[in-house]
Amino acid sequence: MPGYFSFQKLITPRFVKFIYAVGLLAITAGGIGLAVWAGLGLRSATLPTRMGAYYIAIGAGMAIVGNLVWRVLCEIWIVLFNIHNLLGSIESGTRHVTVEQELRTEDSPVELRQAVSEHQAEVVEAYHPVSVLGLT
């Protein structure tokens, strides 16, 4: 419980699965309900044929594509919470590590290797100005 009030432990990822299930049922019921309503309207001849076909297609598309989009949105939500948890574990793992780095001073100058300085001299000598496209 101590992590609950300091917002160190998130409870929302647990609810994402519940919210996904509710959304899945709602989107599926809405799509199937629209298709059934259009089918009943076509059967009783209270709905024009072309409009009824459109409603059936929209209902089926809503049930299929709507659920895919809902799944992607819920997965993105879970990924964001997983990133938060991972960053929290990285922070707790590196919190007590002290970093000591020796800085270069005049007493200990940086020494270049001979091969590196010779290679840089060759590169400078071989440099020829070229255009942006490299055509000249």
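A short tour of the structure in this document, coming up. (Residues numbered from 1 in each chain as written. Predicted model: local features only at pLDDT ≥ 70, side-chain atom pairs only at ≥ 80, totals over all residues. Heavy atoms only, no water.)

Remarks on the environment of Thr-28
Then comes step 1: Structurally, the position occupied by Thr-28 is in helix α2 (residues 12–43).
Then comes step 2: Residues Thr-28 and Gly-66, spaced 38 residues apart in sequence, show a C-alpha to C-alpha distance of 8.2 Å.
Then comes step 3: In terms of polar contacts, Thr-28 uses its side chain to reach the side chain of Asn-67, at 2.9 Å. (Helix = DSSP H or I, 4+ residues; strand = E, 2+ residues; numbered from the N terminus. Polar contact = N/O pair within 3.5 Å; in protein donor to acceptor, adjacent residues only side chain to side chain.)

With respect to α2
Side chains three or four residues apart in an α-helix point the same way, a direct result of the helix having 3.6 residues per turn.
Then comes step 1: For α2, spanning 32 residues, the distance from its first C-alpha to its last is 46 Å, which sits close to the expected 46 Å at 1.5 Å a residue.
Then comes step 2: Along α2, the residues that are buried comprise Val-16, Tyr-20, Gly-23, Gly-31, Ala-38 and Gly-41.
Then comes step 3: For α2, the elements touching its buried residues are α3 (49–94).
Then comes step 4: One or two residues past the end of α2 sits Ala-45, with phi positive at roughly 65°. (Expected span 1.5 Å × (residues − 1). Buried < 20%, exposed > 50% of the residue type's maximum accessible area, 1.4 Å probe, protein only. Contact = heavy atoms within 4.5 Å.)

Topic: the pattern of salt bridges
Then comes step 1: The tally for this structure, following the rule as stated, stands at 1 salt bridge.
Then comes step 2: Between Glu-75 and Arg-71 there is a salt bridge whose closest N-O contact spans 2.7 Å. Placement of the pair is Glu-75 and Arg-71 together in helix α3, with a separation of 4 residues, close to one helical turn. (Salt bridge = Lys/Arg side-chain N within 4 Å of Asp/Glu carboxyl O.)

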